[in-house]
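# Overview (structure and organization)
For reference, the chains in residue letters:
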Amino acid sequence: MTVLRPDGPDMPEPAPEEQKSRWSTPEKRKELRKRLLIGAVVVWAVVITVLVGVHDGGEDETPAAAAPSASPATSAAPLTVAQVYQALAPSVVLIETTGHDSANKLEAGTGTGTIANADGTVLTALHVVDGAESIRLTYADGTKSAAAIASEDPKQDIATITPQKLPETLVPAVMGGGAGIGDDVVAIGNPLGLTWSTSSGVVSGLERTLNRQSGGDIEGLIQFDAAVNPGNSGGPLINDRGQVVGVVVALANPTDAGTFIGIGFAVPIGAALGGGEGNGQAPPL
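Quick caveat, the model's predicted, so the values are computed rather than measured.

This part takes up the overall build of the chain. Scanning the chain from N- to C-terminus turns up 6 helices and 13 strands. Taken over 285 residues, the chain has a buried fraction of 34%. A sequence separation of at least 24 residues applies to 61% of the contacts in the chain between residues at least 6 apart. Surface exposure of the chain reaches about 16,300 Å², of which carbon and sulfur atoms provide 57%.

Now for the side chain of histidine 127. Examined against the element boundaries, histidine 127 turns out to sit in helix α5 (residues 126-129). Classification of histidine 127 as buried rests on a relative accessible area of 14%. Within the structure, histidine 127 has its side chain in polar contact with the side chain of aspartate 157 (distance 2.7 Å).

Moving on: the nonpolar core. Of all hydrophobic cores here, the largest spans 37 residues; its most connected members are Val93, Ile95, Val129, Ile135, Leu137, Ile161 and Leu221. Filtering out sequence-adjacent residues up to four positions away, leucine 137 remains in contact with Val93, Leu94, Ile95, Val122, Thr143, Lys144, Ser145, Ala147, Ile161 and Pro163. Listed in part, the 11 residues of the second largest apolar core include Ala187, Phe224, Ala226 and Val245.

Bringing the environment of glutamine 86 into the picture now. Note that glutamine 86 resides in helix α4 (residues 81-88). For glutamine 86, a relative accessible area of 60% corresponds to the exposed category.

Glancing now at the environment of glycine 99. Position of glycine 99 among the secondary structure elements: in strand β1 (residues 92-100). Along the sequence, glycine 99 and isoleucine 135 sit 36 residues apart, while their C-alpha atoms lie 9.4 Å from each other.

Attention now goes to the side chain of threonine 114. Along the polypeptide, threonine 114 turns up in strand β2 (residues 106-115). Threonine 114 gets classed as buried once you look at its relative accessible area, which sits at 3%. Sequence-distant contacts of threonine 114, that is, excluding residues within four places in its chain, are made with Ser91, Val93, Thr121, Val122, Leu123, Ala173, Met175, Gly234, Gly235, Pro236 and Val244.

So, about the confidence of the model for the chain. Per-residue pLDDT for the chain has a mean of 79; in total, 68% of the residues score no lower than 70. Per-element averaging of pLDDT across the chain places helix α3 (residues 73-76) at the bottom with 41 and strand β8 (residues 184-189) at the top with 98. Per-residue pLDDT stays below 50 along residues 275-285; that stretch engages in 42 contacts with residues further than four places along the chain or on separate chains.

The residue aspartate 141 is located in the loop between β4 (134-138) and β5 (144-153) in this model. Put simply, aspartate 141 and threonine 169 are 28 residues apart on the chain and 8.5 Å apart in space, counted from C-alpha to C-alpha. Contact partners of aspartate 141, with chain neighbours within four places excluded, come to Pro167 and Glu168. Within the structure, the side chain of aspartate 141 is placed 2.9 Å from the side chain of threonine 143, a separation counted as a polar contact.

Attention shifts here to unusual backbone geometry. Here the phi dihedral of aspartate 157 falls at roughly 60 degrees; this positive angle occurs in a residue that is not glycine. Considering the arrangement of structural elements, one finds aspartate 157 in the loop between β5 and β6 (158-163). You can call aspartate 157 buried: its relative accessible area is 1%. For leucine 192, which is not glycine, the phi torsion reads 55 degrees and is therefore positive. As for its position among the elements, leucine 192 is in the loop between β8 and β9 (197-210).

What counts as what
Residues numbered from 1 in each chain as written. Predicted model: local features only at pLDDT ≥ 70, side-chain atom pairs only at ≥ 80, totals over all residues. Heavy atoms only, no water. Helix = DSSP H or I, 4+ residues; strand = E, 2+ residues; numbered from the N terminus. Buried < 20%, exposed > 50% of the residue type's maximum accessible area, 1.4 Å probe, protein only. Contact = heavy atoms within 4.5 Å. Areas by Shrake-Rupley, 256 points an atom, 1.4 Å probe, with all protein chains shown as cover. Polar contact = N/O pair within 3.5 Å; in protein donor to acceptor, adjacent residues only side chain to side chain. Core = buried A, V, L, I, M, F, W, Y, C linked by side-chain atoms within 4.5 Å. pLDDT = per-residue confidence, 0-100.

See below:
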């Protein structure tokens, strides 16, 4: 009764020890390490896949979210007539002149000019100031100043004038840009004494020639249909980007009335900025 047989009823009790120690042999421990290594590799591969997916998804989504703020469409969009006027009106000046005719009678004239650079130089039509005994500028803020002719280009009917006094806030216009047939344009000036008036139209022709009785013809002019009248002379012709593309110098009218019938002319800004010296003759406007 004291002999214990291996297959006796009490033998099943060591079974738990066999389950605990089933990896105790070198071969089984090696297999365990192999399985753990494989499991770790699988887990790491899953983690990498998730990270790459998130990263790729972020790259795909970021441009879509940033596109509206990065787009230059707003700043490059054409301006309305009202926006052109608001931007350019502070750069436009009223020019008033006095002089004497052949009968030594005191005469007064009005025209328009544009502040062309940061030193206050004003660009205008030569015939507005040619022969004037006095030149007075009025800026958009009401500041007034005497002025004198600085340069003349009789061939293009262009002059620059230098003021003695500048306004508290000086706003030079943006000069440049080309003009194409059909382009929208805006004219700002002082027609018939109606100061800081604006009108709009399109470029209706290019390379036009203005025939003058003296002083030679003016060639290469911009033809436009924005309304201009006496007093607009020397004022800016502006495109829909707010750039001064020309200087208004004349209008076409088969009568002696000197009023607008749908055809105005401007010297292209590139030619207007050429400059020169001498005395010129006034075109019709």
